[in-house]
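Fold and geometry: a report
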Amino acid sequence: MLSSQALVIKIKCTICSAENEICIDRVELESEPSGVVRIPIEHFIPQPHLLVIDIDAHGTIRGAYIIKDYPLLEGVLMGEILDTIGISNLSKLLAWLLVYDEVDLYGRNPDVTKLISTFLSHVFGNARKISLGKEKARVRLDVSNIPEPEFSLSVINRRLQSAVKNIKSSSSLIAFLKNEFERYVTYINVFEEALKSTKRRLTMDDFIRISEGKLQRDEIKLILAVLKARGIDVSRKVEIPEFKIAELF
Ligand SMILES: [Zn+2]
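Residues numbered from 1 in each chain as written. Predicted model: local features only at pLDDT ≥ 70, side-chain atom pairs only at ≥ 80, totals over all residues.

Moving on to the overall build of the protein chain. A tally of regular secondary structure across the protein chain gives 9 helices and 10 strands. Whereas a compact globule of 249 residues would reach a radius of gyration of roughly 18 Å, the protein chain reaches 19 Å, a difference of no more than 12%. Projected onto the principal axes, the alpha-carbon positions of the protein chain cover approximately 50 × 45 × 30 Å. The 249 residues of the protein chain split such that 29% are buried. At a minimum sequence separation of 6, the contacts of the protein chain that also span at least 24 residues come to 67%. (Helix = DSSP H or I, 4+ residues; strand = E, 2+ residues; numbered from the N terminus. Rg over C-alpha atoms; globule rule 2.2 N^0.38 Å. Buried ≥ 20, exposed ≤ 12 C-beta atoms within 10 Å, placed from the backbone. Contact = placed C-beta atoms within 7 Å.)

Strand order in the open sheet formed by 3 strands is S3-S4-S5, and the pairing between neighbours is antiparallel. Either end of the sheet is taken by a strand with one partner, and the two such strands are strand S3 (36-43) and strand S5 (61-67). Averaged over all pairs of adjacent strands, the angle between strand axes in this sheet comes to 15°, irrespective of strand direction. Note that S3 and strand S4 (residues 49-56) share 8 bridges and pair antiparallel. Paired with Ile39 across the two strands is Ile53, which belongs to S4. (Pairing = 2+ DSSP bridges. Axes fitted to C-alpha atoms, helices over the stretch in contact; angles between N-to-C directions.)

Further remarks concern unusual backbone geometry. With an omega of 0°, the peptide bond between Ile45 and Pro46 qualifies as cis. Summarising the element assignment, Pro46 is placed in the loop between S3 and S4. In the Ramachandran plot, Ser17 falls in the positive-phi region, its phi being about 65° despite a non-glycine side chain. Relative to the assigned elements, Ser17 resides in the loop between strand S1 (6-12) and strand S2 (19-25).

Another point: the nonpolar core. One finds Ile116, Ile223 and Leu224 to be the most contacted residues of the largest nonpolar core, which totals 53 residues. Secondary structure elements with two or more residues in this core: S4, helix H2 (78-99), strand S6 (102-106), helix H3 (110-124), helix H4 (154-166), helix H5 (170-197) and helix H7 (217-229). Ignoring sequence-local partners within four residues, the contact set of Ile116 consists of Ile81, Ile85, Leu105 and Val143. (Core = buried A, V, L, I, M, F, W, Y, C linked by C-beta atoms within 7 Å.)

Close inspection of predicted coordinates is inappropriate for parts of the model with low pLDDT. Per-residue pLDDT for the protein chain averages 90, and the proportion of residues at 70 or more is 94%. Averaged pLDDT values for the elements of the protein chain fall to 50 in helix H9 (residues 245-248) and rise to 97 in H5. (pLDDT = per-residue confidence, 0-100.)

The next subject is H3. Between its terminal C-alpha atoms H3 stretches 21 Å, which fits the 21 Å expected from 15 residues at 1.5 Å a residue. Of all the residues in H3, the buried ones are Thr113, Leu115, Ile116, Phe119, Leu120, Val123 and Phe124. Across the axial projection of H3, the buried residues extend over an arc of 160°, all falling on one side. Counted as exposed and oriented over 90 degrees from the buried face of H3: Pro110 and Asp111. In this structure, the buried side of H3 is in contact with H2, S6, strand S7 (129-130) and H5. Gly125 sits one or two positions beyond H3 and adopts a positive phi of about 55°. (Expected span 1.5 Å × (residues − 1). Arc of directions from axis to C-beta.)

It is worth spelling out H4 at this point. Here H4 contains 13 residues, and its C-alpha end-to-end distance of 18 Å stays within 8% of the 18 Å for a straight helix at 1.5 Å per residue. Looking at H4, one finds that the buried residues are Val155, Ile156, Arg159, Leu160 and Ala163. The buried residues of H4 occupy an angular sector of 125° when the element is viewed end-on, so they sit on one face. Opposite the buried face of H4, by more than 90 degrees, sit the exposed residues Gln161 and Lys165. Looking at the buried positions of H4, the neighbouring elements they touch are S3, H2, H5 and H7.

We now examine the packing of H3 against H5. With their axes 7 Å apart at the nearest point, H3 and H5 run at an angle of 60° to one another. What the angle tells us is that H3 and H5 run oblique. Residues Phe119, His122, Val123 and Phe124 of H3 form the contact with H5, whose participating residues are Ile174, Leu177, Lys178, Phe181 and Val185. Broken down by class, the residue content of the contact of H3 with H5 amounts to 7 nonpolar, 1 polar and 1 charged. (Parallel < 35°, antiparallel > 145°, perpendicular 65-115°, else oblique. Nonpolar A, V, L, I, M, F, W, Y, C, P; charged D, E, K, R; others polar.)

Here's what the structure looks like:
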């Protein structure tokens, strides 16, 4: 079944010693916009944990880390959420939660709305308020018809698709997304401070340094785009010549 297009990577988990063979399509790897594919691998013994690996276009493992000790959630059914509102709406919803600190969700089916609200509370923790039925929220979103943000959803789409494809249990899937989105929220705040406190224009190298290598380039672009959507004057304060500004923001 394996063609020359397929790349096989072997990796051993430091938690449970399980050995995995990951098969990746070379064309898919080379067409990855960031040049790095992030793949979560789920293990169940002795307790559910995730081995997450970053693989570059040459098939080299660029990073590997473990997500463990996360709560085993009951009642947050990712399958049901995805079946009801679809992966595209969920992706847009996650993007808006990066932009706004407080949102109000509504929808035809209150049970589904509640389920999605619980899911988002797990992913974002205290960083965002998902206040059902509250008047004070700046934004109200219909869970089955989320508007398109004015920035690229490429990173969020790829993370979500990779998670859904590779992770079976809702608890592990949420733990993976929480790990991703908590990092984005952290650096949204860090970058905002950096942009406010500097007089010169910041470059991509500056942002890589500020993020201590914890963000890929396309994640940095996502965060700058989110900051722009949050009302920060990003275009005037960054100098990133390798990207067309129109595409970036
Ligand atoms: Zn393991």
